[in-house]
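Residue-level listing of the chains:
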Amino acid sequence: MSKQTKKKTSSKKKAPAPNPKVKRAGRYFRGLLGLSACAALLFAGGSIYIRSLVLERMQSRSLSTSSLVLSRPLELFIGARRSPDELQTYLRKLGYREMSGELNEPGSYKQSNAELTVFLRQTLLPSGEVQQAYPLRINFSEGAVSQLSHAKLQTAVGNAWIEPEVLSILGNTETRASIPLSLSQYPPQLIQAILAIEDERFESHWGVDPRAVLRALYQNIRSGSVVQGGSTITQQLAKNLFLSSERSLSRKVKEAAAALFLETAYSKDQILEMYMNEVFLGQEGRIALHGFGEAARAFFNKDASDLSLAESATLAGIIKAPSAYSPRRYPEKAAARRLTVLEKMEELSYISEAERFSASQAKLNIQPAKRSRRFAPYFVDYVRTRLEELSSEARRSSGPVHVLTGLDRAYQNCAQQAVEWGLERIEKNYPALKSKSKSAKQQLQAALVSVSSISGEIRAWVGGRNYQASQFDRISQAKRQPGSAFKPFVYLAALDGNLNSYRTARVSSTLADEPLRIDIPGSGTWEPKNYKDEFSGDVTLREALAKSLNVPTVYLIQKIGTETAARAAERLGIPGPLPRVPSIALGSADLTPLELTTGYASIASGGRRRTPMAITTLVDAEKQEVTWSQSIDDTVVADEAAVFVLTNILQSAVESGTGRIVRTLGYEGPVAGKTGTTSASRDAWFVGYTPSLLTTVWVGFDDNRETKLTGSSAAAPIWTEYMKCVAPLEPELDFIPPANVVFRDIDLRTGLLATEYCPKQDVVTEVYVAGTDPVTPCSVHSHDPMDSWTARDRRREPSPRRRRPPERRERSFWDAFWR
């Protein structure tokens, strides 16, 4: 190597050795960055996970996993008489939250002018199909739904369903009641009261408040027991959402961790809103009250936004111990706790001294518990019975079950109000019927059952005057004589050629209305009487049924045969065997209102069997799977033309017969109906149906004593009051004649086809089953004035049949009947 090279090499400086402290600092810094990144990822992942858990938990709050009896889902369609306020009330009961911005989650809604947007939850429909969650826009006009559309897809929707309400809890489980609200819907003084007494540093801590923990620890050590908690509002929310009430160190650690994740996942306002909607505030029977929206309604019967300062402080004070500070059970303790809250609010300058004093002295109007009262209790008892009758294979689930029914809360409320109104009206008009005794047997009773004539689903069920006083269900358990309410089955048997083996009757056929004596082997003789013992001579089939004449009806059942009449009634759904005696024409067989309604349901549906349906679907509450569904029995049991003719006659009963009180009291829709009154006026009935709804009403005493009431004076007014109430909820339909029905103008006096010479006042349009309508023109009236006078004069003469003695009447009746 040259000297020059050596010189250059030796001229290079040796690099300094690295400082160990700097190397350690670098490692620490990189480790800190790694830890920070891991912590950030942990908190980000935890926040996402917590948000998903909260969303899942909130959605599961909509229906408890208890075994429940549920109402019919609320159906919305164009023309439905539903107002925005009514729907909002319904949505709040189901736990929907009102929002101001865009709807992103099921279970929320917002309103603007005459438009309501609802993000519907997934709903099981009566058909057993599932309606998926989606945002629905509802437009209103003149108190009715005018348009339905998908809020995101902007497509029209034919009809939509909102999930059902809880009617009752089955078994010994409990369920929750909640009315979730947005934070802006809570009054400022309520929010201040909660923050003051529960978490005064809520806005500054990050989920856990060390100062509060140390303060609580110090107070508990001093007292030797747990007298103060250190949990923040966020920790309480975490416990309510995810954890149990177990008192242990491990639970407190989990609670603190969940609170930290909640603080990273949600804003302070969101956390406070969730807390105010979730916190437990009391118990009413098996109903747990959650949230201040529900508590305001339960304790003060008002919206949370209308709470006063005194009421707000009372509810905030309940949080610590809902049972011990219940204003219902312990008003003195609740008042003392209210003062504590108010003093803390004054200390934090939320209120002045004068406001504190005024609110502490305010008298509160605490409402009695209503949530624990069972809704439609007679119906729920019947559902329990039906549920027990279903086989284990039909249920297919040993866990909690949701029982879907067709009962509609609005219809049930109308029914209950109508029964109460009707009984009060009767006792006011007939003071002797009002009992001072609280015994159910001594009090006048009434019952009402209402069924969809289209599906057979039971819409309303009132089994008596007062469930608390008597659990005896007069709809399904009381065997009573239906009286004249049974007559339509006899007349249908005569009108329907498929139900009798003789000849088909027609509306203009005549029946004798004169004294009749029937020999009953082994029982002597029976002489049926009309109401007030009056007779009209010859009457048409229409007049006999519309005016509920007894004697012509007995003549009719003798003609077609008691076997035919009984068999026809049983075919339509009346449970047999019915007694094969002439008196069944006048309703002598004992039937429950439900059994009578079952028979009428086949008439109201146009001749197709419609068994009243209490349970529509059974759902596994945990899996949300249908385990059983009731199918509709669509068996044809009577000719639809004959049924339409019968319906037309029963419309006459309402327009001009024994049911005309329905029109007098103001019901205007199309209706067919029949009154019923039994011997000595022990039972009063009215069964009436529209194209879509069948309703039966019964009035009487449980001990079967005389009431001196008729179906027209007692039962029909209750029916009318109920129908006027539900009319806005019903579709506007009319009775449509089937193809094999014809209308003919006939002479009222002869029953023959009217001619141009028949007096106009004697010409009526009559309805017939095709093939049974008259074909012979009226020959009594002619163009010759003398012939017309002679014919009229002859009609004024008493007919030979009317002059014959009663004992000879039976021998000539058969040949003269079908005229």
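Residues numbered from 1 in each chain as written. Predicted model: local features only at pLDDT ≥ 70, side-chain atom pairs only at ≥ 80, totals over all residues. Heavy atoms only, no water.

Chemist: Would you mind showing me how to read the state of the cysteines here?
Modeler: The bond known as a disulfide is covalent and runs between the sulfur atoms of two cysteines. Summed over the entire model, instances satisfying the criterion amount to one disulfide. Each disulfide pairs two cysteine sulfurs, and for Cys-414 the partner residue is Cys-725, the sulfurs being separated by 2.0 Å. Taking the sign of the S-S torsion, -60° for the link of Cys-414 and Cys-725, the bridge is left-handed. Of this pair, Cys-414 sits in helix H15 (residues 409-429) while Cys-725 sits in helix H23 (residues 711-726), and the two are 311 residues apart along the sequence. Cys-758 carries a free sulfur, and the closest cysteine sulfur to it, the one in Cys-778, is 3.8 Å from it. A residue is classified by how much of its surface remains accessible, and Cys-778, at 5% relative accessible area, is buried. (Disulfide = S-S within 2.5 Å. Helix = DSSP H or I, 4+ residues; strand = E, 2+ residues; numbered from the N terminus. Buried < 20%, exposed > 50% of the residue type's maximum accessible area, 1.4 Å probe, protein only.)

Chemist: For this particular structure, what's the right way to read the packing of helix H16 (residues 487-495) against helix H21 (residues 640-655)?
Modeler: A pair of packed helices can be characterised by two numbers: the angle between their axes and the separation between those axes. Closest axis-to-axis distance for the H16/H21 pair is 9 Å, and the angle between their directions is 135°. Judged by the inter-axis angle, H16 sits oblique to H21. Between H16 and H21 lies a crossing of right-handed hand. For the pair formed by H16 and H21, the contact residues are Pro-488, Tyr-491, Leu-492 and Leu-495 on the first element and Ala-642, Val-643, Val-645, Leu-646, Ile-649 and Leu-650 on the second. Here the residues of the contact of H16 with H21 are counted per class, giving ten nonpolar, no polar and no charged. (Axes fitted to C-alpha atoms, helices over the stretch in contact; angles between N-to-C directions. Parallel < 35°, antiparallel > 145°, perpendicular 65-115°, else oblique. Left-handed = near helix turned anticlockwise from the far one by under 90°. Contact = heavy atoms within 4.5 Å. Nonpolar A, V, L, I, M, F, W, Y, C, P; charged D, E, K, R; others polar.)

Chemist: Would you mind showing me how to read the pairing of strand E17 (residues 458-462) here?
Modeler: Counting buried positions along E17 yields five of five residues, so the element is predominantly enclosed. As defined by bridge partners, strand E16 (residues 445-452) adjoins E17 across four bridges and the pair is classed as antiparallel. The residue bridging Leu-448 from the neighbouring strand is Val-462, located in E17. Linking E16 to E17, which pair antiparallel, is a turn of five residues; within it Gly-456 sits at a positive phi near 90°. (Pairing = 2+ DSSP bridges.)

Chemist: I would appreciate a short explanation of the sheet that holds strand E4 (residues 108-112) in the present structure.
Modeler: One open sheet accounts for five strands, arranged E3-E4-E5-E8-E9; its pairing is mixed. Two strands bound the open sheet, and with one partner strand each, they are strand E3 (97-98) and strand E9 (144-150). Direction of pairing for strand E8 (residues 134-141) relative to E9: antiparallel, over a ladder of six bridges. Within E9, the position partnered with Arg-137 by the bridge is Ser-149.

Chemist: How do you make sense of the nonpolar core when you look at a structure like this?
Modeler: For soluble globular proteins, nonpolar side chains are generally found buried alongside one another. Counting 84 residues, the largest nonpolar core has Phe-379, Trp-461, Phe-489, Leu-492, Leu-596 and Tyr-689 as the members making the most contacts within it. In terms of residue count, H21 provides more of this core than any other element does, eight residues in total. With near-sequence residues (within four places) excluded, Tyr-689 lies in contact with Tyr-600, Ile-603, Ala-604, Thr-647, Leu-650, Pro-670, Val-671, Ala-672, Leu-694, Trp-719 and Phe-735. Ala-196, Ile-271, Phe-300 and Met-345 belong to the second-largest nonpolar core, a separate cluster that totals 56 residues. (Core = buried A, V, L, I, M, F, W, Y, C linked by side-chain atoms within 4.5 Å.)

Chemist: Would you explain the side chain of Thr-564 in this entry?
Modeler: Mapped onto the fold, Thr-564 is located in helix H19 (residues 562-571). Since its relative accessible area comes to 6%, Thr-564 is described here as buried. Residues contacting Thr-564, with those up to four places away along its chain left out, are Ala-493, Leu-499 and Asn-500.

Chemist: Mind showing me how you'd approach the packing of helix H11 (residues 331-347) against helix H12 (residues 353-361) here?
Modeler: Two numbers describe how H11 lies on H12: the axes approach to 9 Å, and their chain directions differ by 170°. Taken together, the axes of H11 and H12 lie roughly antiparallel to each other. When H11 is examined against H12, the residues Arg-338, Leu-339, Leu-342, Glu-343 and Glu-346 are found in contact with a partner set consisting of Glu-353, Arg-356, Ala-359 and Ser-360. Taken together, the residues that form the contact of H11 with H12 break down as three nonpolar, one polar and five charged.

Chemist: I'm lost on the pattern of salt bridges in this one. Help?
Modeler: Overall, the coordinates contain 35 salt bridges when judged by the stated rule. The salt bridge involving Glu-563 is made with Arg-580; its shortest N-O contact spans 2.9 Å. Here Arg-580 lies in the loop between H19 and helix H20 (593-604) and Glu-563 lies in helix H19, a separation of 17 residues in the sequence. On the accessibility criterion, Glu-563 (35% relative accessible area) is partly exposed. What makes Arg-580 partly exposed here is its relative accessible area of 31%. Linking Asp-633 and Arg-609 is a salt bridge whose minimum nitrogen-to-oxygen distance equals 3.5 Å. With Asp-633 in the loop between strand E23 (625-629) and H21 and Arg-609 in the loop between H20 and strand E22 (615-620), the pair connects residues that are 24 residues apart, well separated along the chain. Each of Arg-72, Glu-75, Glu-457 and Arg-459 takes part in one network of salt bridges that share partners. (Salt bridge = Lys/Arg side-chain N within 4 Å of Asp/Glu carboxyl O.)

Chemist: Even after reading the chapter, I still don't get the sheet that holds strand E25 (residues 683-689), so can you show me in this structure?
Modeler: Strand pairing within a sheet occurs via backbone hydrogen bonds; the two strands may be parallel or antiparallel. Taken together, the five strands give an open sheet; going across it, the order is E17-E16-E26-E25-E24, and neighbouring strands pair in antiparallel fashion. This sheet does not close on itself; its edge strands, each paired only once, are E17 and strand E24 (672-677). The mean angle between the axes of side-by-side strands here comes to 10°, regardless of whether they run parallel or antiparallel. Lying on the sheet, H15 is in contact with E16, E17 and strand E26 (693-700); it crosses E17 at an angle near 35°.

Chemist: What exactly am I supposed to notice about the side chain of Thr-720 here?
Modeler: Its location among the elements puts Thr-720 in helix H23. For Thr-720, a relative accessible area of 1% puts it in the buried group. The residues touching Thr-720, leaving out its near neighbours within four places in the chain, are Val-662, Leu-665 and Tyr-667.

Chemist: Help me understand unusual backbone geometry in this model?
Modeler: With the exception of glycine, most residues fall at negative phi, and the peptide bonds are largely trans. Residue Pro-577 is reached from Gly-576 by a cis peptide bond, and omega for that bond is 0°. Relative to the elements of secondary structure, Pro-577 occurs in the loop between H19 and H20. Its identity as a non-glycine residue notwithstanding, Gln-154 has a phi of 60°, on the positive side. Topologically, Gln-154 is positioned in the loop between E9 and strand E10 (159-162).

On their own, these measurements won't tell you what the molecule is for.
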